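Below, each chain spelled out in residue letters.
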Amino acid sequence: MPTGRPPLVPLRALGAARGVTVGAAVNGRPLGADATYREVLAREFGAVTCTNAMKFGPLQPERGRFDFAPADEIVAFGRDHGMAVRGHTLVWHRQNPEWIAALAERETAALWPALRAHIQAVMEHYRGQVAAWDVVNEAVADDGSPRDTLWLRALGAGYVAHAFRWAHEADPGAPLFYNDYGADGLGPKADAVHALLCDLLDQGVPVHGVGLQMHVGLGRLTPDPDAVAAHMRRLGALGLEVHVTEMDVRLQTGSGPLAERPAEQARVYERTLAACLSERACTSVTFWGFTDRHSWIPSFTGQDDAPLLFDPQYQPKPAYHAVARALSSQV
Ligand code: G3I
């Protein structure tokens, strides 16, 4: 029975009309098992990111043994549906395999070649298939200091520059990004990310863009749109592309009546994205999932939440329509 409402224009089409890629992070399990998951993903999004399958541990669980199959399935789905692929992520302090932790502990001299070999093998496997690589993820601590990770402790702060140089050697055509959370607006961590990028560029390190994860929420986690725009503008002034890479908006950090939170969530999506899209440097927006049926947040916070654009039954929420409005807003 027609609803009388005009058909929804898919988000990927709204984004394409203004030169912005609209993507979603993908879990391999529902991709393989749920036809509605596949249908909504292909209809609404023009890019995919693997939530986990392209990380160090899943890709190289034992030294020298690679398991590309789960990530290849997501990349193939993206290719078959005309979607770009964001590669996530080559160097992070989480989801590393045990053997890397052991090397970092006992044979730091062997960690350099192990990291270089991993980057080269993965970049060669996906050469020409990845539109943007998150080469280094979350190297800056929340207070703006270098994050104390196994990589920093074993290799020193130079591991960041080396990772980007090795990635560029492996695939000179690949756009290389630094990705982080909690650095979406202005403040000590955002300033430190900006300073890190200035330093890398001053050293001639091949960095082409920066990913702002945009894991935000209601209340205390609501970003200031003007600060987001100002931060994007100063990153763009360095000649960098800026991608929103992992956006979701938590309800549980709000304090208003539960019934009013979906509308407040929609306002956060619309205002934040409108600010991003007002900046020429912002060329891509990816959500960290698209249905509340598969979000990382409930397992992370231990609380029920509904941070994404579609409900567990794949129905568009007020947040979905808010994103559509932001994408349709005049440049
Ligand atoms: O694969 C194992 C499985 O074998 C085991 O049975 C199960 C139970 O322990 O754990 C499974 O691994 C989980 C993995 O997701 C795959 O599902 C890990 O425990 C779990 O910690 C891991 O969570 C991921 C998290 O990164 C790890 O820090 C989330 O799914 C993923 O969405 C999240 O994504 C990160 C980005 O990569 C970087 N930015 C922050 C973002 C949210 O933390």
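Residues numbered from 1 in each chain as written. Predicted model: local features only at pLDDT ≥ 70, side-chain atom pairs only at ≥ 80, totals over all residues. Heavy atoms only, no water.

**Quick look at the overall build of the protein chain**
Phase 1: Scanning the protein chain for helices and strands turns up 14 helices and 9 strands.
Phase 2: Against the 2.2 N^0.38 benchmark of 20 Å for 331 residues, the protein chain shows a C-alpha radius of gyration of 19 Å, consistent with a compact globule.
Phase 3: With respect to the three principal axes, the spread of C-alpha positions in the protein chain is 65 × 40 × 40 Å.
Phase 4: For the protein chain, with 331 residues in total, the buried portion stands at 54%.
Phase 5: Summarising the internal contacts of the protein chain: among those between residues at least 6 apart in sequence, 77% fall at separations of at least 24. (Helix = DSSP H or I, 4+ residues; strand = E, 2+ residues; numbered from the N terminus. Rg over C-alpha atoms; globule rule 2.2 N^0.38 Å. Buried < 20%, exposed > 50% of the residue type's maximum accessible area, 1.4 Å probe, protein only. Contact = heavy atoms within 4.5 Å.)

**Things to note about the confidence of the model for the protein chain**
Phase 1: Per-residue confidence for the protein chain gives a mean pLDDT of 96, with 98% of residues at or over 70.
Phase 2: No element of the protein chain has a lower mean pLDDT than helix α6 (residues 98-106), at 95, and none a higher one than strand β5 (residues 176-180), at 99. (pLDDT = per-residue confidence, 0-100.)

**A closer look at the packing of aromatic side chains**
Phase 1: Inspection of the entire model under this criterion finds 14 aromatic pairs.
Phase 2: A centroid spacing of 6.4 Å and a plane angle of 55° characterise the contact between Y126 and W133, whose relative ring orientation is tilted. Here Y126 and W133 have matching classes, each one buried.
Phase 3: Considering the side-chain rings of F290 and F310, the 6.3 Å spacing of their centres and the 85° angle between planes classify their relative orientation as edge-to-face. Of this pair, F290 sits in the loop between β9 (282-287) and α13 (297-301) while F310 sits in the loop between α13 and α14 (318-328), placing them 20 residues apart in sequence. Here F290 matches F310 in class, with each residue buried.
Phase 4: Ring-pair connections join several aromatic residues into one group, and the members of that group are Y37, F45, Y269, F287, F290, F310, Y314 and Y320.
Phase 5: The ring of F177 is capped by R86, whose NZ or CZ atom sits 5.2 Å from the centre of that ring. (Phe/Tyr/Trp six-rings, centres within 6.5 Å; stacked < 30°, edge-to-face > 60°. Lys NZ or Arg CZ within 6 Å of the ring centre and 35° of its normal.)

**Remarks on the packing of α6 against helix α7 (residues 108-125)**
Phase 1: Remark: α6 packs on α7, axes separated minimally by 6 Å, with the N-to-C direction vectors making an angle of 140°. With respect to each other, α6 and α7 are oriented oblique. Contacts between α6 and α7 involve W99, I100, L103, A104 and R106 on the former and, on the latter, T108, A110, L111 and A114.
Phase 2: Here the residues of the contact of α6 with α7 sort into 7 nonpolar, 1 polar and 1 charged. (Axes fitted to C-alpha atoms, helices over the stretch in contact; angles between N-to-C directions. Parallel < 35°, antiparallel > 145°, perpendicular 65-115°, else oblique. Nonpolar A, V, L, I, M, F, W, Y, C, P; charged D, E, K, R; others polar.)

**What about the nonpolar core?**
Phase 1: Counting 105 residues, the largest nonpolar core has L41 and W133 as the members making the most contacts within it.
Phase 2: Sort the elements by how many residues they give to this core and helix α9 (residues 159-170) lands first, with 8 residues.
Phase 3: Look past the residues within four positions of L41 in its chain and what remains in contact with it is A24, V26, L31, V48, F77, M83 and F290. (Core = buried A, V, L, I, M, F, W, Y, C linked by side-chain atoms within 4.5 Å.)

**Observations regarding the pattern of salt bridges**
Phase 1: Summed over the entire model, instances satisfying the criterion amount to 15 salt bridges.
Phase 2: Among the salt bridges present, the one from D142 reaches K189, with a minimum N-O distance of 3.2 Å. Within this pair, whereas D142 is found in the loop between β4 (132-137) and α8 (150-155), its partner K189 is found in helix α10 (residues 188-202), the two being separated by 47 residues in sequence.
Phase 3: Its relative accessible area of 4% is what places K189 among the buried residues. (Salt bridge = Lys/Arg side-chain N within 4 Å of Asp/Glu carboxyl O.)

**Side note on the environment of Q265**
Phase 1: In this structure, Q265 sits in helix α12 (residues 261-277).
Phase 2: On the accessibility criterion, Q265 (1% relative accessible area) is buried.
Phase 3: The spatial distance from the C-alpha of Q265 to the C-alpha of D311 is 13 Å, given a sequence separation of 46 residues.
Phase 4: Ignoring anything within four residues of it in the chain, the contact list for Q265 reads L218, V249, L251, A306, P307, L308, K317 and A319.
Phase 5: At a separation of 2.7 Å, a polar atom in the side chain of Q265 contacts the main-chain carbonyl oxygen of A306. (Polar contact = N/O pair within 3.5 Å; in protein donor to acceptor, adjacent residues only side chain to side chain.)

**As for unusual backbone geometry**
With glycine set apart, most residues show a phi of negative sign, and most peptide bonds adopt trans.
Phase 1: In this structure, T89 follows H88 across a cis peptide bond, with omega equal to -5°.
Phase 2: Locating T89 in the fold gives a position in strand β3 (residues 84-91).
Phase 3: One non-glycine residue, Q95, lies in positive phi territory at about 55°.
Phase 4: Relative to the elements of secondary structure, Q95 occurs in the loop between β3 and α6.
Phase 5: The exposure class of Q95 is partly exposed, given its relative accessible area of 33%.
Phase 6: Unusually for a residue other than glycine, E138 sits at a positive phi of about 60°.
Phase 7: With respect to the element layout, E138 can be found in the loop between β4 and α8.
Phase 8: Using a relative accessible area of 9% as the deciding quantity, one classes E138 as buried.

**As for the site of the ligand**
Phase 1: The environment of the ligand is made up of 13 residues, and the closest members are N52, K55, H88, E246 and W288.
Phase 2: Within the side chain of R94, a nitrogen or oxygen atom sits 3.2 Å from an oxygen atom of the ligand.
Phase 3: Contact between the ligand and W288: an oxygen atom at 2.9 Å from a side-chain N or O atom of the residue.
Phase 4: In isolation the ligand exposes 800 Å². Once the protein is present, 49% of that is buried.
Phase 5: Among the residues forming the shell around the ligand, the class breakdown is 3 nonpolar, 6 polar and 4 charged. (Near = heavy atom within 4 Å. Areas by Shrake-Rupley, 256 points an atom, 1.4 Å probe, with all protein chains shown as cover.)

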